[in-house]
Amino acid sequence: MREQIERVTELLPESGSRPVTAKLRETLQVNGKRVLRVMGKYDLLCRKHRKFKVKTTQSNHRLRKYANILKDADIYEPRQAVVGDVTAFDIQGRDHYLALLMDVFTRETLGMAVSDKNDTALVDGYNALGALYYEWRKPELAGIQYQKCIEIIENQLHKNHPKLVFPLNNQANLYQKMGNYDKAAQYYRRLLDIMELQHGPNHPELADYYQNLGVLYLQKDALDRAEYYIAKSIEIKKANRIEKETELAVAIFNLGNINFKLERYEKAEKLYLESVSLLDELKVEKYSYLSDLYNNMAAILARRGKFTEAENHYRQVMEINAKLLGPENPDEAEMEHRIAMLYYMKGDLAVAEQYFKNFSDKEIKKIRYFFPFLSDEEKEKWLVKENHL
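Residues numbered from 1 in each chain as written. Predicted model: local features only at pLDDT ≥ 70, side-chain atom pairs only at ≥ 80, totals over all residues. Heavy atoms only, no water.

**Q** Please clarify how the overall build of the protein chain should be interpreted in this entry.
**A** From N to C terminus, the protein chain includes 16 helices and three strands. For the protein chain, the proportion of its 389 residues judged to be buried stands at 38%. Surface exposure of the protein chain reaches about 25,100 Å², of which carbon and sulfur atoms provide 48%. (Helix = DSSP H or I, 4+ residues; strand = E, 2+ residues; numbered from the N terminus. Buried < 20%, exposed > 50% of the residue type's maximum accessible area, 1.4 Å probe, protein only. Areas by Shrake-Rupley, 256 points an atom, 1.4 Å probe, with all protein chains shown as cover.)

**Q** Is there a simple way to explain the pattern of salt bridges in this structure?
**A** Two side chains of opposite charge can pair, provided their charged atoms sit close to one another. Enumeration over the complete set of coordinates arrives at 11 salt bridges. For Arg 304, the salt bridge goes to Glu 269, with nearest N and O atoms at 2.6 Å. Of this pair, Arg 304 sits in the loop between α12 (290-303) and α13 (307-325) while Glu 269 sits in helix α11 (residues 265-282), and the two are 35 residues apart along the sequence. Take Arg 304: its relative accessible area is 35%, and that puts it in the partly exposed class. As a salt-bridge pair, Arg 315 and Glu 311 come within 2.9 Å of each other at their nearest N and O atoms. Of this pair, Arg 315 and Glu 311 are both found in helix α13, four residues apart, which corresponds to roughly one turn of the helix. (Salt bridge = Lys/Arg side-chain N within 4 Å of Asp/Glu carboxyl O.)

**Q** Looking at this structure, how should I read the packing of aromatic side chains?
**A** Each aromatic ring pair is summarised here by two numbers: the centre-to-centre distance and the angle between the ring planes. For the structure on display, the rule yields seven aromatic pairs. Ring geometry for Phe 253 against Tyr 272: centres 5.9 Å apart, planes inclined by 40 degrees, an arrangement best described as tilted. With Phe 253 in helix α10 (residues 246-261) and Tyr 272 in helix α11, the pair connects residues that are 19 residues apart, well separated along the chain. Overall, the relative accessible area of 4% leaves Phe 253 in the buried class. For Tyr 272, a relative accessible area of 0% puts it in the buried group. Where Tyr 343 meets Tyr 355, the ring centres are 5.6 Å apart and the plane angle is 10 degrees; that geometry is what we call stacked. Placement of the pair is Tyr 343 in helix α14 (residues 332-346) and Tyr 355 in helix α15 (residues 349-370), with a sequence separation of 12 residues. Judged by relative accessible area, Tyr 343 falls into the buried class, the value being 12%. Aromatic ring contacts, followed pair by pair, group Tyr 210, Tyr 217, Tyr 228 and Tyr 229 into a single cluster. (Phe/Tyr/Trp six-rings, centres within 6.5 Å; stacked < 30°, edge-to-face > 60°.)

**Q** Would you mind going over the packing of helix α9 (residues 223-239) against α10 with me for this structure?
**A** Any two packed helices are characterised by how steeply their axes cross, that is the angle between the axes, and by the distance between the axes. Packing of α9 against α10 leaves a shortest axis separation of 10 Å and a crossing angle of 150 degrees. With respect to α10, the element α9 is oriented roughly antiparallel. The interaxial crossing formed by α9 with α10 has left-handed handedness. Counting all contacts with α9, which are made through Leu 223, Ala 226, Glu 227, Ile 230, Ala 231, Ile 234 and Lys 237, the residues of α10 involved are Glu 247, Leu 248, Ala 251, Ile 252, Asn 254, Leu 255, Ile 258, Asn 259 and Lys 261. Here the contact of α9 with α10 is built from residues that sort into 10 nonpolar, two polar and four charged. (Axes fitted to C-alpha atoms, helices over the stretch in contact; angles between N-to-C directions. Parallel < 35°, antiparallel > 145°, perpendicular 65-115°, else oblique. Left-handed = near helix turned anticlockwise from the far one by under 90°. Contact = heavy atoms within 4.5 Å. Nonpolar A, V, L, I, M, F, W, Y, C, P; charged D, E, K, R; others polar.)

**Q** I tried to follow the pairing of strand β2 (residues 94-103) on my own but got confused; where do I start?
**A** A regular strand carries its side chains on alternate faces of the sheet. The sheet contact formed by strand β1 (residues 82-91) and β2 spans 10 bridges and is antiparallel. Across the sheet, the residue bridging to Asp 85 is Leu 100, located in β2. Taking the residues that link successive antiparallel strands as the turn, the β1-β2 hairpin has two residues, and the phi of Gln 92 there is positive, at about 55 degrees. Hairpin connection of β2 to strand β3 (residues 109-115): five residues between the antiparallel strands, including Arg 107 at a positive phi of 65 degrees. (Pairing = 2+ DSSP bridges.)

**Q** Hey, could you run me through α14 in this one?
**A** With 15 residues, α14 ought to run about 21 Å at 1.5 Å a step, and its terminal C-alpha atoms sit 22 Å apart, in line with that. Glu 332, Ala 333, Met 335, Glu 336, His 337, Ile 339, Ala 340, Leu 342 and Tyr 343 are the residues of α14 that are buried. Backbone geometry just after α14 places Gly 347 at a positive phi near 90 degrees. (Expected span 1.5 Å × (residues − 1).)

**Q** Hey, could you run me through the packing of α12 against α13 in this one?
**A** It is at 8 Å that the axes of α12 and α13 come closest, and there the two elements cross at 165 degrees. On the basis of the axis angle, α12 is roughly antiparallel to α13. Like other packed secondary-structure pairs, α12 and α13 cross with a definite hand, here left-handed. Where α12 abuts α13, its residues Leu 290, Ser 291, Tyr 294, Asn 295, Met 297, Ala 298, Ala 299, Leu 301 and Ala 302 lie against Phe 307, Glu 309, Ala 310, His 313, Tyr 314, Gln 316, Val 317, Ile 320 and Asn 321. Within the contact of α12 with α13, the residues separate by chemical class into 12 nonpolar, five polar and one charged.

**Q** Please explain the sheet that holds β1 as it appears in this structure.
**A** The strands making up a sheet associate through backbone hydrogen bonding, with each pair oriented either parallel or antiparallel. Taken together, three strands build an open sheet; the order of strands is β1-β2-β3 and the sheet is antiparallel. Lying at the two open borders of the sheet, with one neighbouring strand each, are β1 and β3. Pairs of neighbouring strands in the sheet enclose a mean axial angle of 15 degrees, with direction left out of account.

Everything listed here is a matter of geometry and, on its own, says nothing about what the molecule does.
Structure (C-alpha cells):
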C-alpha cells in the first residue's frame, strides 16, 4: 500500500489523503481511512505552509517611549503632520538602522537616514525635519529639530565630536536669518572651536566658517570683528592656494565693504579691484553682488572728484540690474538720480537737470503703480517732500 501511495503522490504533489484515495480507487478497492493512516505513519501527508510574518515593532527597550499624539487627529492637508520611525535591519550579520520621516496626509517620504548605530541614527532625520520646517517658514520648529541633533550627538558621543559641525552650522544660519546675531555668533564660534581641535587653526575647511562669522558681524555693524574674521578667511584660502574660486572673490569684496564703511576709501578701492580681477579670471559674468561693488566704487571715485569714472561705474550697475531685474527695475531711477548728482557736482547743470527729470518721471511712474489713488499734484508733493525734486 505504501509503495502505491508514494507513486500517486509523485503524480499529485501537495495533495491530501482524499485526492490520493480517489486516484487509487481507479485501479484498487481501498478504504479512505486506511490511506489516511498510512500517509500519516510514513509522513506522506501535505503540510500547510503558514505565511511568515515579519515583526517590525520592538517596544521592549530602555529608550524613552513617546505617546502617539496623532492617534485621533484629523489630518486633512499636506504638511500638517509629519511622523517618524526607526527600523532595524540586518546586512551581512550586522544591525543597521533606518530613520524615516513621512508626511501623514500624502504618505510622501520627506527625509531618511541610515546608520550602523541606533544612538545617532536619528540625527540626519532631525536635520532633514529641521530643513523642512525652515522651508515651511517655521523657524522656531526648525531650531528645535537642529537642537535635538546637537543634544543626541553630545549625549551619545561627546561635546566636541566632528558630527556636531553640521547641526551647529544649521542652527547658526537659522539664528542669523532670524536677526538674532548674538545667538548665531555663539554657534559659529563653537563650531570653529570644534573644527580647530580636529584640523588645526589654518585648515582650508575653516575658511568658509570664518567668512560666515565675518559676514554676521558685518550685518551687525561690528566692523572690527567682521574685518578680523573675513581677513582670516582670506588668509587661510591664500595660504592653502585656494585662489581661483568665487568664494574668495566674495570674501575680498566683503572686506572692501568693511573698509568702505570705515571710510578707508583707498584700501576699499584696492580690494574691490582685486575682487573684480579675480572674477574676470574666473570668467564670472555679471555676478549678482557686482552691482553693490560698482556702486561703492562709484561713490569712492565721486568723493575724489573722478566724476567720469564714477558715472561709468553707475552705468555698469544699471547694466547689471537690467540683466538681473529687467529693463524697468526699481533701482533704475535711483541710478539716474546719482548720475544727476555727479553732473550737479561737476557744475554741468543742464545735463544734471535732464537726469533729474528722467529720475522724477520714473519715480512718478513708480508712485502711480504703488499709489494709484494719488493725484498728479499729490505725487509731485510727495517727491518734493522726499527731497527727490
